[in-house]
Every structure is written in structure tokens, then in C-alpha cells.
Amino acid sequence: MGSHARPNRIHRTGVRIAMVALVGAALPISAGGLAEAATPGATHSADENGQQGSGATTTGGRNQHASQQSQSPQAGQHTARHRAAVAQDQDAPRINADHAFLLDARDGSQERELWAGAKADESVPMASTTKIMTAVVVLKHPEWLDRQITVKQEYRDYVQKVGASTADLQTGDTLTVRQLLHAMLIPSGADAARALADNFGSGDTEDARIADFVNQMNAEAQQLGMTGTHFDGVDGFTHGNNHSTARDLAKLGQRAMLQPVFADVVKNKQFKTEAPAANGHTRYYTWVNTNELLSTYDGALGVKTGTGPEDGYCLVFAAERDNRTLIGVILKDDQGRFDDATKMLDWGFAH
């Protein structure tokens with residue numbers, strides 16, 4: 001008898017319950033992989049002011065021109081700097097989110113900043129984009145990808161208790177680590193994240209093992225130079241100290257997409273699999289990705305969405321065109337995050 005996850009609500013960790021989805025990616029930043037949800041779109045007030053300022057500067061007429069000629073050298077320098085600032089301000093993606101960052105990942109061995117939002121370095125809650133780091137820590141042990149893990153009732157109880165997103169894993173079913181990565185990254189299953197951390201952490205109790213796994217996540221963040229990041233859980237359901245910056249998450253997204261297994265998982269619009277059930281029958285799972293960019297943006301590679309009451313709409317996304325791979329991040333956005341992500345990617349590929 002089959003069991004299918006069905007999305008029915010958005011909670012703090014970021015995606016929908018049941019038929020939720022994450023998306024996929026491809027390869028080490030060139031042939032296949034980095035993308036995920038995106039950011040909302042609108043024009044920053046700073047950009048709007050910049051446009052008005054530019055118009056005032058260029059429509060002065062002869063009298064204004066004569067007046068400027070009579071200004072002091074210092075005033076002329078100030079005007080030049082102002083015009084340069086206006087030009088730079090206009091040359092930016094017109095989106096709504098301030099917590100945004102766009103990275104040119106090139107071939108994976110090099111990277112360069114393309115654009116940073118006004119609050120790209122401000123630490124804020126990151127919702128289910130947290131699960132990117134959960135996957136990165138798990139993938140430090142590729143030899144365990146085929147290891148089998150039995151779903152505990154405690155994982156389902158946790159999801160119910162905190163109102164987290166779920167892959168609707170059934171108690172007693174046995175799934176491999178590879179399958180659980182799909183369950184965590186595509187439908188954003190907090191039950192799958194819990195199962196992985198419980199089996200990859202050390203300790204005598206489930207809580208102790210989860211805490212040890214979180215310590216591994218923070219150690220990895222420190223090693224990657226993610227100075228504005230701290231994890232206090234494995235799924236984005238925060239206890240008050242789970243935060244990151246758009247710049248840090250772009251760096252994390254790049255490193256994750258260099259993992260072929262990760263990139264192969266997040267590029268999936270939908271994923272179907274089966275697992276032995278406790279009653280000896282076969283369980284069938286279907287997980288759908290919530291990353292709209294996979295269906296709407298040419299070259300999208302996947303990555304991860306996230307949503308929460310305090311976190312807003314979050315997205316780590318990637319796309320590849322003309323042998324260039326771009327990775328972007330949007331945090332604390334609104335429901336227009338995919339439109340914003342599209343604008344960021346279009347702007348990035350044009351630069």
C-alpha cells in the first residue's frame with residue numbers, strides 16, 4: 001500500500017507538510033548544480049531615489065550648467081561622486097529583499113561577488129535553509145549513503161510537537177541515508193533531518209546525539225568562514241539562536257553544490273522511491289519540490305527553500321547558463337521571492 005506526502009501548511013522551518021519539495025541541483029558549479037528558491041521582487045527605495053536624483057542631475061538645462069561651472073572644485077568633486085553613486089545604484093537588480101547576495105561560482109574553484117544587498121551581512125533567522133548544512137555534515141561520510149535507518153515514532157512526534165514540515169515518514173519504515181537526504185531536501189522533511197542527526201551524532205540519548213550533530217554543523221560553519229552564522233538545530237526550527245547572513249549562505253550553497261550527491265538531489269522537481277515497511281510490505285513515497293525556479297527558470301539547478309513566521313520567505317538558489325553558475329540567497333523576503341530570484345539571476349548573467 002502506498003503512502004504519499006501531501007503539503008497542507010507552512011510552518012516555521014519553511015516548507016509545506018507532506019507533498020512538499022525541495023529542489024535539486026547539479027554538479028560542482030559548472031555542469032550541474034546550484035539552485036533553489038528565490039527572492040521576492042520590488043524596487044528598493046534607495047534605487048527609486050537614485051532614479052529621481054539621476055533625472056534631476058541630467059535635466060538641468062543651460063542655466064544649471066552655467067551655475068555648475070561657477071562652483072568650487074570641491075563642489076564639482078562632490079557632484080561627480082554623487083553621479084557615480086547614482087550610476088552604481090542604478091546598476092543593480094531591482095528586488096524587494098535587502099537580505100540578499102549573488103555569487104558567481106564560476107567553475108567551483110573560483111568565486112567572486114556579483115552583488116550584495118543592503119543587509120547582506122546582517123544575521124537573521126534562516127528557516128529550512130538550515131538543512132543545507134545538515135546535508136553537508138552528513139555527506140562528510142559518503143561511505144554511509146547506503147546505510148539503512150529505521151524511522152522512529154519519536155521523529156513523527158517531534159514534527160507534530162513543533163509543527164515542522166514533514167516527508168511523512170512512517171514509523172518502522174527502513175530508508176537509506178541517500179533516501180533520507182531526498183526526504184529532507186525535497187519536501188523539507190524535519191522528520192528526515194531528525195533521523196539523520198540522530199544517527200550521525202554521538203551520545204547515549206537522542207537529545208545528546210542531536211546536540212552533538214549541531215556542534216558538528218557549527219564546527220563546519222566555522223571552518224567555512226561563515227562568521228555570521230550559528231545553528232541551534234538541524235531543521236531550521238529555532239530555539240532563538242539559529243541565524244545566518246545572505247553572504248554566508250551563498251558560500252554554503254556553493255560548497256554544497258560541489259557535492260555531486262547533493263546537487264543530484266536538489267535538482268529533482270519530484271522524487272519517487274520505495275522502502276520496506278514495518279509490516280513487511282513495500283511503502284511508496286512521492287516527494288514534490290517547492291522550488292518554483294526549477295520549473296520556471298531556464299538553467300535552474302535547485303538548492304533550498306525556507307519559510308517561517310519570523311524568518312519570512314527564504315531561498316538559496318542556483319542556475320547555470322553559458323558555462324557560468326550563479327548562486328543567490330534571499331532571506332526575510334515576501335511571497336515574491338521567486339520573482340526576485342529571477343531578477344537577480346537575469347541581472348547576474350547580464351554582468
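All values reported here derive from a predicted model rather than from experimental measurement.

Most of helix 7 (residues 190-200) sits out of view: 10 of its 11 residues are buried. By the burial criterion, the buried members of helix 7 are Ala-190, Asp-191, Ala-192, Ala-193, Arg-194, Ala-195, Leu-196, Ala-197, Asp-198 and Phe-200. Where helix 7 is buried, its residues contact helix 4 (130-138), strand 4 (148-150), helix 5 (153-162), helix 6 (177-185) and helix 8 (206-223).

The subject of this paragraph is the confidence of the model for the protein chain. For the protein chain, mean pLDDT is 81; residues scoring 70 or higher make up 73% of the total. The model gives residues 1-75 a pLDDT under 50, and that stretch makes 310 contacts with residues more than four places away or in other chains. Below pLDDT 50 for its whole length, residues 78-89 participates in nine contacts with residues either more than four positions away or in separate chains.

Moving on to the pattern of salt bridges. Counted under the stated rule, the structure contains 13 salt bridges. Ionic pairing is found between Asp-173 and Arg-283, a salt bridge with its closest N-O pair at 2.8 Å. Linking Asp-173 in the loop between helix 5 and strand 5 (174-176) with Arg-283 in strand 8 (residues 282-288), this pair joins segments that are 110 residues apart in sequence. Between Lys-267 and Asp-264 there is a salt bridge whose closest N-O contact spans 3.5 Å. Classification of Lys-267 by relative accessible area gives partly exposed; the value is 44%. Several salt bridges converge on common partners, so that one network encompasses Asp-104, Arg-112 and Arg-324.

This next bit is on the packing of helix 4 against helix 8. Their axes nearest at 10 Å, the elements helix 4 and helix 8 cross at an angle of 95 degrees. Here helix 8 runs roughly perpendicular to helix 4, going by the angle between their axes. Between helix 4 and helix 8, the contacting residues are Thr-130, Met-133, Thr-134, Val-136, Val-137 and Val-138 on the first element and Phe-213, Gln-216, Met-217, Glu-220 and Ala-221 on the second. Looking at side-chain class alone, the contact of helix 4 with helix 8 contains seven nonpolar, three polar and one charged residues.

Look at Asp-168: it is not a glycine, yet its phi comes out positive at around 60 degrees. Within the secondary structure, Asp-168 is located in the loop between helix 5 and strand 5. Within the chain, Val-303 stands out as a residue other than glycine whose phi angle is a positive 110 degrees. Residue position: Val-303 is located in strand 9 (residues 300-308).

Let us now look at the nonpolar core. Counting residues in each nonpolar core, the largest one holds 66 residues, and the members touching the most others are Met-133, Leu-169, Leu-181, Leu-196, Phe-262 and Trp-287. Contact partners of Met-133, with chain neighbours within four places excluded, come to Met-217, Glu-220, Ala-221, Leu-224, Met-226, Phe-231 and Leu-252. Core analysis: the next-biggest nonpolar cluster, separate from the first, contains 22 residues, Ala-97, Tyr-297, Ile-330 and Ala-341 among them.

Spatially, five strands are ordered 2-1-11-10-9 in an open sheet, and the strand pairing comes out antiparallel. A strand with exactly one partner marks an edge of an open sheet, and here the two such strands are strand 2 (112-116) and strand 9. Pairwise comparison of adjacent strand axes, ignoring direction, gives a mean angle of 10 degrees for this sheet. The strands touched by helix 9 (residues 246-257) within the sheet are strand 1 (99-104), strand 2, strand 9, strand 10 (312-321) and strand 11 (324-333), with strand 11 carrying the most contacts at an inclination of about 140 degrees.

What follows covers the packing of aromatic side chains. Scanning all chains against the criterion turns up three aromatic pairs. By the ring-pair criterion, three or more aromatic residues cluster together here, those being Phe-271, Tyr-285 and Trp-287. Across from the ring centre of Trp-144, 4.8 Å away, lies the NZ or CZ of Arg-147, which sits over that ring. Residue placement shows Arg-194 over the ring face of Tyr-158; its charged tip is 4.4 Å from the ring centre.

Both faces of the sheet carry side chains from a regular strand, because those side chains alternate between them. In terms of strand pairing, strand 7 (residues 270-276) meets strand 8 through seven bridges, oriented antiparallel. For Gln-270, the partnering residue across the bridge sits in strand 8 and is Val-288. Hairpin connection from strand 7 to strand 8: five residues lie between these consecutive antiparallel strands, with Gly-280 at a positive phi of about 90 degrees.

Turning to helix 8, a few remarks are in order. Look at helix 8: 26 Å from first C-alpha to last across 18 residues, which is about the 26 Å you get at 1.5 Å a residue. Inspection of helix 8 places Glu-206, Arg-209, Ile-210, Phe-213, Val-214, Met-217, Asn-218, Glu-220 and Ala-221 among the buried residues, and these make up the whole buried set. Buried residues along helix 8 sit in contact with helix 4, helix 5 and helix 7. A positive backbone phi angle near 75 degrees is found at Gly-225, which sits one or two residues after helix 8.

Turning our eyes to something else, we now look at the pairing of strand 10. Most of strand 10 is tucked away, with eight of its 10 residues classed as buried. Here strand 9 folds back onto strand 10, and the loop between the two strands holds three residues. Pairing between strand 10 and strand 11: eight bridges, direction antiparallel. From the neighbouring strand, Ala-318 faces strand 11, where its bridge partner is Ile-327.

Parameters at a glance
- Residues numbered from 1 in each chain as written.
- Predicted model: local features only at pLDDT ≥ 70, side-chain atom pairs only at ≥ 80, totals over all residues.
- Heavy atoms only, no water.
- Buried < 20%, exposed > 50% of the residue type's maximum accessible area, 1.4 Å probe, protein only.
- Helix = DSSP H or I, 4+ residues; strand = E, 2+ residues; numbered from the N terminus.
- Contact = heavy atoms within 4.5 Å.
- pLDDT = per-residue confidence, 0-100.
- Salt bridge = Lys/Arg side-chain N within 4 Å of Asp/Glu carboxyl O.
- Axes fitted to C-alpha atoms, helices over the stretch in contact; angles between N-to-C directions.
- Parallel < 35°, antiparallel > 145°, perpendicular 65-115°, else oblique.
- Nonpolar A, V, L, I, M, F, W, Y, C, P; charged D, E, K, R; others polar.
- Core = buried A, V, L, I, M, F, W, Y, C linked by side-chain atoms within 4.5 Å.
- Pairing = 2+ DSSP bridges.
- Phe/Tyr/Trp six-rings, centres within 6.5 Å; stacked < 30°, edge-to-face > 60°.
- Lys NZ or Arg CZ within 6 Å of the ring centre and 35° of its normal.
- Expected span 1.5 Å × (residues − 1).

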